[in-house]
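# Results of the structural survey
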Amino acid sequence: MSVKEKTLIREVLSSDQQSITTTTDDTMCSSQGRDSEYSSAQEQLLEFMEKLSSILTELKNDKRVIMTNSTPIQKAIESLEVDFKRAEALLKSSQFSLAHDEQHIQVQVIVQNLARALGLVLFASHDVVEITNKVEIETLRKDMMKMSSVNKPSLIMSSDESEFSSYDREIVEEEDDRITLDVDDVVVQIKYSDEKILKRALNGLNTLVLDGMITKETVHHEDMIPVLFNRLSSSKADHRLIILRILKALVAQDDEYKEKMAEMGNLSILVKSLGRDFEEQKEAVGLLVSLSDVAAVNRRVGRIQGCIVMLVAIFNGDDQMASHDAANLLNSLSGNTQYALHMAEAGYFKPLVHYLNQGSDMSKILMATALSRMELTEQNRASLGQDGAIEPLVKMFTTGNLEAKQSSLNALHNLSTSKANVECLIRSGIVATLLQLLFSVTSVLMTLREPASAILAKIAAQPEAGIVLVKHDVAQQMLSLLNLTSPVIQCHLLEALNAITARPNASRVRRKMKENGAVRLLLPFLTESRNTKIRNGALHLIYVLSNDMQGGELMEQLEEMHLNILINVVSSSSTTDDEKAAAIGILSNFPVNNKNVTDMFMRANLLPILVSILMSSTPTTSWLLAENIAAILIRFTLPSDKKLQQFSADNGVINALVKLLTCGSIVAKSRAATSLAQLSQNSVALRKLRKSRWFSCAPPHPTDAFCQVHDCHCSTRSTFCLVKAGAVPLLVEILQGNEREADEAALTCLATLLQDEIWENGSNFLVKMSCVQPLIKNLEEGISLKAQDRSLWILERIFRVEAYRVEYGESAQVVLIDLAQNGDSLLKSTVAKLLAQLELLQPQSSYF
């Protein structure tokens, strides 16, 4: 039965406060008349009784207490009053004048009983009403408990040792039994009560523990620790928090409790609290740290599922104290190598790095092997590098035995996808050792080639590795190994070679590779069907090398068979965009004027394939693919071959080029504008041809519309008309944009609308399309001399119309004057013509 329930069933004893006061006065008079030999303990008791008299009076007169509906408070006050009267009765008893030792026993029992009764009042008022002078009452209770616990003798005495009267002994035995039952009832209440009553019982026990009123014998006798852990596993959050604090207080008072708490079942319950709300996990990790000096705890807790993961999460949390406790516990557990590995898998790498630095040879190999097999995020890899994992792994590789080399190299391979780690690898000087291993013919070391080549591929991708890899013919040596290694190594070597040759400062490397027949060495890999990575790597490397080949140099390397292989790559639905981009890039590097190559492309039906790829492209399509297709389309739109142009237009090339103007890269836009300019050059001639052959004898096709520029019924397929294709606004947008690389091509294309026969119509249309201001902007900001020259040429045609000179002349003259004074001399003549048109310069000026 709990303390609260016990107070509820106590007999209601009425009392008159005046009689209490009178009795107290009588007792005090009696004490004053006592012999001076009375002990100081008796004097303390009389002092306590005086204070209690005042407190009891205040409690009985406190309106808040009287008005409350809380029966436990009323019963607790009545119980205190009963204990007070019993103490008075004992003090009046003639048997109280005993020997000093016996009297001391009686005083201690009386004081302890009164303190317990006073504690019941405080406990019953908890969360119900704030009683008056609560601090004063609590202070008095603690003073009384302190006095009763000092040198407390045993209350068990034989009959011949005691001179108590039977009445006195009955009182002592009854009160001693009640003290024992109080703690027992609290434990019983915690064990069996519902959640509503449990909180008060827990708060009461917490107070008793903090006040040092719970003895070791009581804890063991009442099975208090198992009871608390059982409740911890089933109670709600706020109750679990109190239980954890009680357990922490017990541990702080006596280390012997740790062994009981260290049982596996208890630890499992504690670990569950690590995954709950912030305050609970904070208390739980603190308790676990307190228990961690017990060897069994470190052995057991690491085996509990989820424990290490939750500790790592707490370590990474925001609360500094909880993080510190979690770190301490993790470090305590890290003495077990298996636990250290679990921590690494959870993202806590310091123990693993510690073993790599200071562990035994076998533990180093164990850690490196595990590290090589872990699924790591980029953040994990960076964290391992920051914690210092790279240096000991490099040392293992350079100085260890074969097993150490193998495990460390594989671990370094797993870490090498992090840029920061690669930089650390380069600084460590491992590159030379890797190259030496790669070219080694020692059979024992052959198994290390795969991770070595993989790490070199990652290093090659970093700018910092350029000095080491670009010089000393490293690329040429790697190339020589291609036909002598496994497919896995071939993939890594090709990846490294592509990274090396793609560097701006690798022109000498590319030249030497070409001179030594690199393209012919790579061509057989184009037919690789089992490993697409090898084919893709070879394609990209040939593409990079072909970008530097001039004239017929590429034709000397590739035969028609190889061209067909490349076209098959382009047309296959199973190849990736990257492969297609590389294959088309190689094809685009053949001389555009070589008719034999064009004929081969025509026979292979390449053009419709390219148009189909462009028209089905999406914003996520590789920009390189679009750029290379745009490059190869320049071949199919050469103005010297009108039949080829017509074939291109019939196959939808113009629509594909316009699409590139809307969503391609600036390079693709430039190349598309070049092809459109080549087609538009022949629009005037096709206009005349249509007029002479068709317009005189047949009505226009219903889908045709009259063109404002060409002054006839135009279409994209019949006259390659830029206006009907909707290309002009897109070309103007290029001039208005922030990128200048495509300006020259766009201006060249727009200039085709200002040919001698159509310049006035073209000028009107360009002004209508708001082209003048972008032209002036290009003159001011243009980075290309040819682009500036084209802008001046177009403006000169537009300014032939007086209305446009009046409208735009003032905004253009500042830029024109600046170009006349500071511009390139090659532009001087055209600038002078414009200034003369604007009547800012005499026609006979020396500028002409």
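Residues numbered from 1 in each chain as written. Predicted model: local features only at pLDDT ≥ 70, side-chain atom pairs only at ≥ 80, totals over all residues. Heavy atoms only, no water.

## Structural notes on the overall build of the chain
Of the regular secondary structure elements, the chain holds 52 helices and 2 strands. Each of the 848 residues in the chain was classed as buried or not, and the buried ones make up 53%. For the chain, restricting intrachain contacts to residue pairs at least 6 apart in sequence, the fraction spanning at least 24 positions comes to 71%. For the chain, the exposed area adds up to about 39,000 Å²; of that, 50% sits on carbon and sulfur atoms. (Helix = DSSP H or I, 4+ residues; strand = E, 2+ residues; numbered from the N terminus. Buried < 20%, exposed > 50% of the residue type's maximum accessible area, 1.4 Å probe, protein only. Contact = heavy atoms within 4.5 Å. Areas by Shrake-Rupley, 256 points an atom, 1.4 Å probe, with all protein chains shown as cover.)

## Thoughts on the nonpolar core
Within the largest apolar cluster, 181 residues are counted, with the highest numbers of intra-cluster contacts made by Leu-352 and Leu-587. Here this core takes 8 residues from helix H30 (residues 487–501), the largest share from any one element. When residues of this core are assigned to domains, at least three map to each of domain 3 (594–692 + 702–769) and domain 4 (770–782 + 790–847). For Leu-352, the contacting residues outside a window of four places in its chain are Leu-341, Ala-344, Met-367, Leu-371, Met-374 and Leu-384. Counting residues in hydrophobic clusters, the runner-up holds 90 residues, among them Phe-84, Leu-114, Leu-247 and Leu-311. (Core = buried A, V, L, I, M, F, W, Y, C linked by side-chain atoms within 4.5 Å. Domains from an automatic or database assignment.)

## Quick word on the packing of aromatic side chains
This structure, assessed with the given rule, holds 1 aromatic pair. Seen from their ring centres, Phe-315 and Tyr-348 are 4.9 Å apart, and the 75° between their planes marks the pair as edge-to-face. Placement of the pair is Phe-315 in helix H17 (residues 307–315) and Tyr-348 in the loop between helix H19 (337–345) and helix H20 (350–358), with a sequence separation of 33 residues. The ring of Phe-397 carries the charged tip of Lys-405 above its face, separated from the ring centre by 5.5 Å. Directly above the ring of Trp-759 sits Arg-800, whose terminal nitrogen or CZ lies 5.2 Å from the centroid. (Phe/Tyr/Trp six-rings, centres within 6.5 Å; stacked < 30°, edge-to-face > 60°. Lys NZ or Arg CZ within 6 Å of the ring centre and 35° of its normal.)

## Considering the packing of helix H27 (residues 449–460) against H30
The geometry of H27 relative to H30 is characterised by a closest axis approach of 8 Å and an angle of 20° between their N-to-C directions. Taken together, H27 and H30 sit at an angle that is classed as roughly parallel. Along this stretch, H27 crosses H30, giving a crossing that reads as left-handed. For the pair formed by H27 and H30, the contact residues are Arg-449, Glu-450, Ser-453, Ala-454, Leu-456, Ala-457, Lys-458 and Ala-460 on the first element and Val-488, Ile-489, His-492, Glu-495, Ala-496, Ala-499 and Ile-500 on the second. Partitioning the contact of H27 with H30 into residue classes produces 9 nonpolar, 2 polar and 4 charged. (Axes fitted to C-alpha atoms, helices over the stretch in contact; angles between N-to-C directions. Parallel < 35°, antiparallel > 145°, perpendicular 65-115°, else oblique. Left-handed = near helix turned anticlockwise from the far one by under 90°. Nonpolar A, V, L, I, M, F, W, Y, C, P; charged D, E, K, R; others polar.)

## Let's talk about the side chain of Ser-791
Here Ser-791 shows up in helix H50 (residues 785–798). The class of Ser-791 is buried, set by a relative accessible area of 0%. Those residues in contact with Ser-791, other than ones at most four positions away along the chain, are Leu-747, Leu-775, Asn-778 and Leu-779.

## Points about the environment of Gln-112
Along the chain, the position of Gln-112 falls in helix H6 (residues 100–124). For the pair Gln-112 and Met-144, spaced 32 residues apart in sequence, the C-alpha separation works out to 6.6 Å.

## Considerations on helix H21 (residues 361–373)
Relative to the 18 Å expected for 13 residues at 1.5 Å per residue, H21 spans 19 Å between its end C-alpha atoms, a close match to the ideal helical length. Buried within H21 we find Ser-363, Lys-364, Ile-365, Met-367, Ala-368, Ala-370 and Leu-371. Contact partners of the buried residues in H21: H19, H20, helix H22 (378–387), helix H23 (390–399) and helix H24 (402–415). (Expected span 1.5 Å × (residues − 1).)

## Focus on the pattern of salt bridges
All told, the structure shown has 24 salt bridges when counted by the stated rule. Salt-bridge contacts for Lys-51 lead to Glu-47; the nearest nitrogen and oxygen are separated by 3.7 Å. Of this pair, Lys-51 and Glu-47 both sit in helix H3 (residues 40–61), separated by 4 residues, roughly a single helical turn. In this structure, Glu-515 and Arg-511 form a salt bridge, with 3.9 Å as the shortest nitrogen-oxygen distance. With Glu-515 and Arg-511 both in helix H31 (residues 507–515) and 4 residues apart, the pair spans about one turn of that helix. (Salt bridge = Lys/Arg side-chain N within 4 Å of Asp/Glu carboxyl O.)

## A few points about the environment of Lys-142
Along the chain, Lys-142 turns up in helix H7 (residues 134–149). Here the alpha-carbon distance between Lys-142 and Leu-118, two residues 24 residues apart in the chain, equals 10.0 Å.

## Focus: unusual backbone geometry
What you tend to see is this: most non-glycine residues have negative phi, and most peptide bonds are trans. Of note, the phi angle at Asp-711 is positive, near 60°, even though the residue is not glycine. Looking at the element boundaries, Asp-711 is found in the loop between strand E1 (705–706) and strand E2 (713–714). The backbone phi angle of Ser-770 is positive, close to 60°, even though this residue is not glycine. Locating Ser-770 in the fold gives a position in the loop between helix H48 (759–768) and helix H49 (772–781). Under the relative-accessibility criterion, Ser-770 is labelled partly exposed at 46%.

## Thoughts on the environment of Leu-118
Residue placement: Leu-118 occurs in helix H6. Taking the relative accessible area as the measure of exposure, Leu-118 reaches 0% and is therefore buried. Residues in contact with Leu-118, not counting those within four places in the same chain, are Leu-52, Ile-55, Leu-80, Ile-137, Leu-140 and Arg-141.

## Points about helix H37 (residues 595–603)
Residue pairs spaced three or four apart in an α-helix point in one direction, given the helix's 3.6 residues per turn. Listed as buried for H37 are Val-597, Thr-598, Met-600 and Phe-601. Taken down its axis, H37 places every buried residue within 160° of arc, on the same side. Residues Lys-595, Asn-596 and Arg-603 are exposed on H37 and point more than 90 degrees away from its buried face. One or two residues past the end of H37 sits Asn-605, with phi positive at roughly 60°. (Arc of directions from axis to C-beta.)

## Looking at the state of the cysteines
Taken as a whole and assessed by the stated rule, the structure comprises 0 disulfides. With no disulfide of its own, Cys-707 lies closest to Cys-721 among cysteine sulfurs, the gap being 3.7 Å. (Disulfide = S-S within 2.5 Å.)

## Digging into the packing of H23 against helix H26 (residues 430–438)
For the pair H23 and H26, the least separation of the axes is 11 Å and the interaxial angle reads 35°. Crossing angle aside, the handedness with which H23 passes H26 is left-handed. Each of Val-394, Phe-397 and Thr-398 in H23 lies in contact with H26, whose residues at this interface are Ile-430, Thr-433, Leu-434 and Leu-437. Looking at the contact of H23 with H26 residue by residue, the class counts come to 5 nonpolar, 2 polar and no charged.

## Focus: the side chain of Arg-240
You can see Arg-240 is positioned in helix H12 (residues 237–253). Reaching out from Arg-240, the side chain makes a polar contact with the backbone oxygen of Ser-235 at a distance of 2.6 Å. The residues touching Arg-240, leaving out its near neighbours within four places in the chain, are Leu-232, Ser-235, Arg-276 and Glu-280. (Polar contact = N/O pair within 3.5 Å; in protein donor to acceptor, adjacent residues only side chain to side chain.)

## Quick notes on the confidence of the model for the chain
Summing up the model confidence of the chain, the mean pLDDT is 82 and the portion of residues at 70 or higher is 83%. Low pLDDT (under 50) marks residues 151–181, which in the prediction has 45 contacts with non-local residues, meaning those over four places away or in another chain. Considering only residues more than four positions removed or in separate chains, one finds that residues 693–699, a stretch of pLDDT under 50, has 4 contacts. (pLDDT = per-residue confidence, 0-100.)

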